Amino acid sequence: MSDQSTPAAPLNPDGSRRTFMKQAGGFLGLALAPPFLSQAERLTALSKKVEGVSTISLKVNGTVRAIRAEPRVTLLDALREYLDLTGSKKGCDHGQCGACTVLVDGRRVNSCLTLAIMTQGKEITTIEGLAKGDELHPMQAAFLKHDGFQCGYCTPGQILSAVACVQEGHAGSEAEVREWMSGNLCRCSAYPNITAAILEAKGQMG
Amino acid sequence: MNNFSYIQADKAKEATAAKRDDKSAAFIAGGTTLIDLMKLNVENHDQLIDVNMLPFRGIEMTKNGLRIGALERMSEVGEHPLVVQNFPAVSESLLLAASAQLRNMASIGGNVLQRTRCGYFRDTAFPCNKREPGTGCPALEGDNRNLAILGTSSACIATSYPGDLSVALTALDAVLTLENAKGKQREVPITKFYLLPGTTPQKETVLEADELIVAVTIPQTAAARKSKYLKVRDRSSYAYALASAAVGLEVQGGLIRSARVALGGVGTQPWRCSEAEKMLVGKAPSEAVFRAAAEVALRGAKPREHNAFKVEMAQNTLVRALSEVASL
């Protein structure tokens, strides 16, 4: 990241609030980190009870990364604010819109209602992990081909949800796709194109 | 969301004892209701006890019926062949609920304990007898379109359980297995699990503070095998029921031998209709018979300003569900 050389600056040169929050979180984490002795105790008597900031290891898109965060940090906030993976979107933050959909051990979930601390040891897949280098995942390519979006805000969640929908075997017909994709709202109402993209990608996903 | 401590329990006793010793603690499995309500400050807990490592899993036929571990997820149970074949109403109630994402997350035990969608309960700017006992109920004279018409009191008219699964479980006489901090288990029929609001709407079930739901058992019957869950809502998918019906019929020689009827979306708890069931037994299935039973099922309904439509809607839902099960 280009901002690493100016850690004390409140804002990134581009004014990004995200970078500031990440840095603030880092300082706060340092301030609240327990002294060595109490950490040693935690490893014995309280090996599983976590209070305040702790190290949370997340395996995201095949790479294990550690963050220092409180138990209340959701998977969505961990991805966006701690790991700079901002593809997953925060829409409603209450499990109603689906913009935050990611795969955990291959299952689609709302990352806004998932605690990061509870996803340790699991395989997390976000939109950033779908393509292989420059080669788009068939679902991404189909969304482009069929214009499955307008503003694009719901798209990462739509695509992750769509990949799971196909893998679950719930993309047999247009009606089935519509029913099993109902947890992903699109306020631009690109639904016909999203449905067409999913039905086409299904044939290419093997 | 206020901060909390987190503990992952790997023995049931560890979980139930931690809950007993901390009145402000809560169990977490899928978290779909809990995290939502904690973000709204409707629920506040200083400790979350993660129960996902506990061995309350499995979907298997036993001599008492189908036993479902409380930690099984809605998606697995809804599509499980034993459920689809023997308890279609249960499968349908699960797959018509929420979204694919939420069904992957939410546990069966947590579903049974999900909380009301009453807008006044969910908004801390308003008083609410369920959230803060004694503060009053703005829903009585406020926006009550989605709220209950059966089992209400002057303290609360919320559809305390807003979901689907427990409606099917209520129709089919499911039994919940609960375990407390002493490691003692007890069985409670789901028809005796939920409490009417009365003057204490904050007390929603008979579950004790140190008790955990460990399993749900559904008796295998002919009526369960020929059962259905019909859900009527504002959208065709991903919405709570305005009215729903879980029904099961055993028909032999052209006559109804046994009938199971429960309504959702209209009662302060999943609403078993025993009087309607009695009226159906011994009769030949017909729309007139079903219509008469539906009228009895809604007898005693107390609609308010915005939800009077639910009386006729629930009756029609019930008639249609029974007609489809009877292949009329």
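Residues numbered from 1 in each chain as written. Chains lettered and ligands numbered in written order. Predicted model: local features only at pLDDT ≥ 70, side-chain atom pairs only at ≥ 80, totals over all residues. Heavy atoms only, no water.

Draft legend 1. Structural view of the pairing of strand S5 (residues 107-110) of chain A. Residues and elements named next belong to chain A. Bridge count for strand S4 (residues 101-104) against S5 is four bridges, and the pairing is antiparallel. Among the inter-strand pairings, leucine 103 is bridged to a residue of S5, identified as arginine 108. Here S4 hands over to S5 after two residues, with aspartate 105 in that stretch at a positive phi of 50 degrees. (Pairing = 2+ DSSP bridges. Helix = DSSP H or I, 4+ residues; strand = E, 2+ residues; numbered from the N terminus.)

Draft legend 2. Region of interest: the domain arrangement of chain A. All names here are of chain A. The domain boundaries assigned to chain A delineate domain 1 (33-129) and domain 2 (138-202). A straight line from the C-alpha centre of domain 1 to that of domain 2 covers 26 Å. Tallying the contact residues gives 16 residues for domain 1 and 17 residues for domain 2. For the domain 1 and domain 2 pair, buried surface summed over both sides reaches about 1,200 Å², with 56% attributable to carbon and sulfur atoms. Inspection of the region where domain 1 meets domain 2 yields one salt bridge. Between glutamate 168 and arginine 108 there is a salt bridge, with its nearest N and O atoms 2.8 Å apart. Applying the counting rule to domain 1 against domain 2 returns eight residue pairs in polar contact (both at pLDDT 80 or more). In terms of residues, the side of domain 1 that touches domain 2 owes the most to one element, S4, which gives three residues. Here the residues of the side of domain 1 that touches domain 2 are counted per class, giving five nonpolar, eight polar and three charged. (Domains from an automatic or database assignment. Contact = heavy atoms within 4.5 Å. Buried area = accessible area lost by both parts, 1.4 Å probe. Salt bridge = Lys/Arg side-chain N within 4 Å of Asp/Glu carboxyl O. Polar contact = N/O pair within 3.5 Å; in protein donor to acceptor, adjacent residues only side chain to side chain. Nonpolar A, V, L, I, M, F, W, Y, C, P; charged D, E, K, R; others polar.)

Draft legend 3. Geometry of the interface of chain B and chain A. On the side of chain A, 33 residues touch chain B, which itself brings 40 residues to the contact. Buried surface at the junction of chain B and chain A, both sides included, amounts to about 2,900 Å², of which 51% is carbon and sulfur. Of all residues in chain B, the largest losses of buried area upon contact with chain A belong to Tyr6(B), Lys39(B) and Gln101(B), amounting jointly to 23% of the total for that side. At the boundary of chain B with chain A, the tally comes to two salt bridges. At the level of secondary structure, the elements contributing two or more residues to the side of chain B that touches chain A comprise strand S1 (5-8), helix H2 (34-39), strand S3 (47-50), helix H3 (74-79) and helix H6 (100-105) of chain B. Considering every element that reaches the side of chain B that touches chain A, the biggest residue donor is H6(B), with six residues. Residues that form the side of chain B that touches chain A fall into these classes: 14 nonpolar, 15 polar and eleven charged. Sheet topology places strand S1 (residues 49-50) of chain A next to S1(B); two bridges connect them, and they run antiparallel.

Draft legend 4. Quick look at the packing of aromatic side chains. All names here are of chain B. Per the stated rule, a full pass over the model turns up three aromatic pairs over all chains. Ring centres of tyrosine 120 and phenylalanine 126 lie 4.9 Å apart, and the angle between their planes is 85 degrees; this geometry places the pair in the edge-to-face category. Here phenylalanine 126 falls in the partly exposed class, since its relative accessible area comes to 35%. Centroid distance tyrosine 161 to tyrosine 194: 5.7 Å. Interplanar angle 50 degrees. Geometry classified as tilted. Taken together, the positions of tyrosine 161 in the loop between helix H7 (108-112) and helix H8 (165-171) and tyrosine 194 in the loop between strand S7 (185-189) and strand S8 (212-218) put the pair 33 residues apart, joining distant regions of the chain. (Phe/Tyr/Trp six-rings, centres within 6.5 Å; stacked < 30°, edge-to-face > 60°. Buried < 20%, exposed > 50% of the residue type's maximum accessible area, 1.4 Å probe, protein only.)

Draft legend 5. Quick look at the side chain of Lys310(B). All names here are of chain B. Examined against the element boundaries, lysine 310 turns out to sit in helix H12 (residues 309-325). Although buried, lysine 310 forms no salt bridge, and the nearest oppositely charged side chain, aspartate 234, lies 9.0 Å from it. Beyond its immediate chain neighbours, meaning those up to four positions away, lysine 310 contacts Arg145, Asn146, Leu147, Ile149, Leu242, Gly265 and Val266. (Lys, Arg positive; Asp, Glu negative; His and termini not counted.)

Draft legend 6. A look at the sheet that holds strand S2 (residues 54-60) of chain A. Residue and element names in this part refer to chain A. The strand order across the open sheet built from five strands is S3-S2-S6-S4-S5, with neighbouring strands paired in mixed fashion. Of all the strands in the sheet, just strand S3 (63-69) and S5 have a single pairing partner and so form its edges. Here the average twist between neighbouring strands, direction ignored, is 40 degrees. Here helix H3 (residues 75-82) sits on the sheet and contacts S2, S3, S4 and strand S6 (123-125); the angle it forms with S3, its principal contact strand, is near 95 degrees. In this fold helix H5 (residues 155-168) packs onto S4, S5 and S6, with an angle of close to 45 degrees to the strand it touches most, S4. (Axes fitted to C-alpha atoms, helices over the stretch in contact; angles between N-to-C directions.)

Draft legend 7. Representation of the UniProt feature "domain: FAD-binding PCMH-type" (unreviewed entry) in chain B within the structure. In the numbering adopted here, UniProt assigns the feature "domain: FAD-binding PCMH-type" (unreviewed entry) to residues 1-223 of chain B. Taken end to end, residues 1-223 of chain B comprises 25% helix and 17% strand; its first and last C-alpha atoms sit 45 Å apart. (UniProt positions renumbered as here; feature names shortened; annotations may be inferred.)

Draft legend 8. How the structure looks around the state of the cysteines. All names here are of chain B. Applying the stated criterion across every chain yields a total of zero disulfides over all chains. Its sulfur unpaired, cysteine 137 is 5.8 Å from the next cysteine sulfur, which belongs to cysteine 156. Distance from the sulfur of cysteine 273, which forms no disulfide, to the nearest cysteine sulfur (cysteine 156) is 20 Å. Classification of cysteine 273 by relative accessible area gives buried; the value is 4%. (Disulfide = S-S within 2.5 Å.)

Draft legend 9. Structural view of the pattern of salt bridges. Inspection of the entire model under this criterion finds 27 salt bridges over all chains. A salt bridge links Arg107(A) to Glu76(B); the nearest nitrogen and oxygen atoms lie 2.5 Å apart. Of this pair, Arg107(A) sits in strand S5 while Glu76(B) sits in helix H3, each in a different chain. Judged by its relative accessible area of 32%, Glu76(B) is partly exposed. Sharing partners across several salt bridges, the network here consists of Asp77(A), Lys90(A), Asp93(A) and Lys39(B).

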